Structure formats: structure tokens, C-alpha cells
Amino acid sequence: MARLHPVAQLLWLTAWTWHLLRVTLRVLFVLVNHLYVLPVHLVWLLCLQPVRIVRPDLFWKLEGILLKWMMAMIGWWGYSAGYRLYECGEDLTHTYNDEAIVIVNHQSTGDVAILMAALQHKGPVLRRIMWIMDYILCYTHFGMCSWIHGDFFLQQGKEYREVMLKLLKDHLHTTYLSRSQQWIILFPEGGFLRKRRERSQKYARKNNLPILQHVVLPRVGALKTILDTVGPAVGHTNGALTNGDVHANGQHVKWIVDITVAYEYGRPLDVQTLISGWRPPCPTTLHYRHFPISEVPRDEDGLTKWLYDRFEEKEQLLAHFYSTGRFPTGTTRPGTETTDEAAEIIFNPWWMLSIHLFYLCSTALQWYTLSTILQ
């Protein structure tokens with residue numbers, strides 16, 4: 001094997017040294033970012049507890065704003081490393097202020113951060129959102145804030161299935177409804193694509209179902225529980241309503257929002273990459289669709305088929321994207337506005353600077369107040 005010319009070796013070494021330095025500086029920045037964002041968030045929530053007693057609606061509005069700013073920080077990590085986001089598909093503007101279930105394909109730990117970035121500019125969505133996440137995330141830096149906000153942490157495994165669905169139903173009554181949350185983020189596949197694909201394909205062959213490559217067959221349990229608990233009322237043979245308490249104040253799910261996340265060449269970005277920026281900059285594209293809840297079957301067999309059909313369509317969308325570099329244009333829904341050319345999601349630098357300044361000034365104020373009290 002021929003050796004590189006000394007000048008070429010020097011250039012190669014310089015490039016790698018700069019790359020490693022840049023990665024190290026980014027990781028250090030994110031660590032410092034944690035130190036002046038997370039404690040400030042928790043201290044402000046502690047200071048706002050009297051407001052929670054007197055005006056709970058105002059408290060949860062303020063808490064939602066603070067959480068949205070924290071999610072802006074997390075979403076901005078990848079953006080600042082050059083991992084640009086694009087969106088296309090159906091216009092969702094008229095759903096921003098309604099209750100909705102959002103179904104998303106799941107490929108990596110970066111999916112959540114990608115969604116946090118993509119939903120920043122969608123009205124009140126992020127401050128009135130409820131995430132359904134794996135319980136392991138409860139033990140992360142973001143987990144405590146999510147727990148306070150009212151997100152639901154799901155334990156995986158057949159032995160936990162019935163218990164988790166019951167807990168989810170209780171959580172929807174005690175938290176989702178009482179805090180006037182709206183969008184529920186759900187990953188129906190139940191895990192990452194790379195971990196579940198082989199098992200899903202084996203199940204599909206056994207049950208004469210489509211063999212999927214870019215997504216896996218979804219699980220219907222959580223979606224059925226949500227619809228039965230906070231979906232539109234449906235009648236029994238005796239005329240009673242399954243969820244009439246929800247209808248008493250008109251709060252029920254009105255839309256299913258379908259988001260398909262596509263990474264360049266099918267190589268997902270994980271959260272470590274978004275933090276460190278070690279991979280070369282690459283785009284991620286999100287495709288949007290939505291369905292009125294009136295079109296969604298409520299019986300288990302009908303709902304299972306409906307959800308399977310949506311993921312078969314996701315498979316086709318992703319296959320088209322990976323072969324052409326873009327999602328198919330247009331929509332099958334007459335009268336629905338679409339964005340056929342993917343539009344970049346922009347983070348305004350002045351907006352991000354103002355959020356950083358808020359947390360830095362809050363850190364200084366809280367430290368000064370604490371030191372004064374201790375003295």
C-alpha cells in the first residue's frame with residue numbers, strides 16, 4: 001500500500017484534528033447548555049407553584065411555554081450542526097388548535113429531537129403536547145421535565161401490556177384532559193426500525209401480511225386506548241356513551257396526524273450525532289398527512305386494518321423517497337392544500353439568542369437570590 005505524501009499526511013492530520021476539536025467543543029457546549037437550562041426550568045416551576053394553586057390554567061400555560069423553549073434548545077442542536085430539516089405534504093395549519101393523535105415512524109433516538117425542532121413553529125402545539133415515550137427516557141435529563149409536564153412513559157413487553165394500557169387510560173383522564181393538552185405523539189411501531197424489522201417481517205409472513213422494509217407493522221393497543229378514552233363518543237346498544245364525560249366539555253380527539261420521517265439514504269441520525277455533529281451535514285425530510293377522526297374505525301379489527309394501511313402507505317412513501325430523493329407530490333384528499341416542494345424549517349438566530357439570554361439571565365438571577373438568602 002502506497003504511503004501518502006508528507007504534505008497530504010499533514011493536511012489529513014489537520015483536517016481530522018479540526019474535526020475532533022469541533023466535535024469536542026460541541027459536546028462541551030451541550031453539557032454547559034444543560035447546566036444553565038435544566039436547573040433554571042425546574043426552579044421557575046418551583047417558584048410558580050402558588051400560581052398552580054390559584055390559577056392552574058395559567059400555570060400550565062407558563063409551564064408549556066418554558067417547555068417549548070427547552071425543546072427549542074434540543075431541536076437546535078442538530079440544526080446548528082448543519083443537519084437541516086425540510087417538510088412537505090398536506091397543510092396542517094387548521095389542526096394546530098385541535099386535539100389530535102400524531103402517528104410517527106420510529107428509526108432512532110434522534111426522532112424525538114427532530115420532532116421537537118419541526119413542531120416549534122406550529123402554533124401552540126408544543127406547549128400543549130403529550131409525548132408517549134419509552135420509560136427509559138424518564139431517567140434522562142429531559143425525563144423529569146416531561147414527567148412534570150404530564151407525558152406518559154410506557155414500559156415495553158407483553159407482561160406489561162394490559163397494565164400499561166390501563167395506566168394510559170387513567171393518565172388521559174387525570175392529566176391530558178385536566179391540563180387541556182392537545183396533540184398526543186405516538187410511535188405505534190413500539191421501537192426502533194432496526195430492532196423490530198426482522199420480528200415484524202417474520203410475523204407478517206406467518207399471518208399473510210405485507211412484508212415491510214422501511215417501517216414495521218404497528219401495534220394498535222395504545223391508539224385504541226386513546227380513542228376509547230378521549231375520542232368522539234360512540235354508542236352502545238343500550239344507548240350509553242363510552243366516553244360521555246369527555247364530551248361534557250367538548251374536548252375530544254378530532255384528527256389523526258400522520259408524520260413520516262425520512263433520513264438521507266435511510267441512515268437515521270441518533271441524538272449523539274445531533275449533539276456532536278460528527279457526521280457530515282445531511283437533510284432530514286418530514287412528510288405530513290392528516291385524517292378526520294370520523295374516518296377512523298373504532299372497532300379493534302377495523303382500526304388494526306386502518307393503521308396497517310397507513311403504514312403500508314408510509315412504506316410506499318419512503319421507498320419513493322429513497323429512490324428519488326423526494327416524497328410523491330399531491331394528495332389523495334380533494335380540497336386539501338399541499339406543499340409539494342420540501343420547504344426548509346428555519347430557526348431564527350435572534351429568537352434562539354433571546355432564549356439563550358433568558359436562561360443565562362435566569363441562572364444569574366437565581367444564583368444571586370440563593371446566595372443572598374444563604375448569607
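Residues numbered from 1 in each chain as written. Predicted model: local features only at pLDDT ≥ 70, side-chain atom pairs only at ≥ 80, totals over all residues. Heavy atoms only, no water.

Some thoughts on the overall build of the protein
For step 1, the next point in the chain: A count of helical and extended segments in the protein gives 12 helices and 8 strands.
For step 2, the next point in the chain: A globule of 375 residues ought to have a C-alpha radius of gyration of about 21 Å, and the protein, at 23 Å, matches this closely.
For step 3, the next point in the chain: Looking at the protein as a whole, 47% of its 375 residues are labelled buried.
For step 4, the next point in the chain: For the protein, the proportion of contacts with a sequence separation of at least 24, taken over those separated by at least 6, is 75%.
For step 5, the next point in the chain: Accessible surface for the protein amounts to roughly 19,400 Å². Of this, 62% is attributable to carbon and sulfur atoms.
For step 6, the next point in the chain: In the protein, which carries 36 positive and 32 negative side-chain charges, the distance between the mean positions of the two groups comes to 6 Å. (Helix = DSSP H or I, 4+ residues; strand = E, 2+ residues; numbered from the N terminus. Rg over C-alpha atoms; globule rule 2.2 N^0.38 Å. Buried < 20%, exposed > 50% of the residue type's maximum accessible area, 1.4 Å probe, protein only. Contact = heavy atoms within 4.5 Å. Areas by Shrake-Rupley, 256 points an atom, 1.4 Å probe, with all protein chains shown as cover. Lys, Arg positive; Asp, Glu negative; His and termini not counted. Charge placed at Lys NZ, Arg CZ, Asp CG, Glu CD.)

Observations concerning helix α4 (residues 110–118)
For step 1, the next point in the chain: The buried count for α4 comes to 9 of 9 residues, which makes it a mostly enclosed element.
For step 2, the next point in the chain: When we look at burial in α4, the residues that qualify are G110, D111, V112, A113, I114, L115, M116, A117 and A118.

Re unusual backbone geometry
For step 1, the next point in the chain: The backbone phi angle of S180 is positive, close to 55°, even though this residue is not glycine.
For step 2, the next point in the chain: Mapped onto the fold, S180 is located in the loop between α6 (161–176) and β5 (183–186).
For step 3, the next point in the chain: The class of S180 is partly exposed, set by a relative accessible area of 32%.
For step 4, the next point in the chain: Backbone geometry at Y265 places phi at a positive 60°, although glycine is not the residue there.
For step 5, the next point in the chain: A relative accessible area of 68% means that Y265 is categorised as exposed.

Considering the environment of L92
For step 1, the next point in the chain: With respect to the secondary-structure elements, L92 resides in the loop between β1 (85–90) and β2 (100–104).
For step 2, the next point in the chain: The exposure class assigned to L92 is buried, which follows from its relative accessible area of 3%.
For step 3, the next point in the chain: In the structure, L92 is positioned 220 residues away from E312 in sequence and 22 Å away in space, judged by C-alpha atoms.
For step 4, the next point in the chain: Ignoring any residue separated from it by four or fewer positions in sequence, one finds L92 in contact with W183, V257, Y288, R289 and H290.

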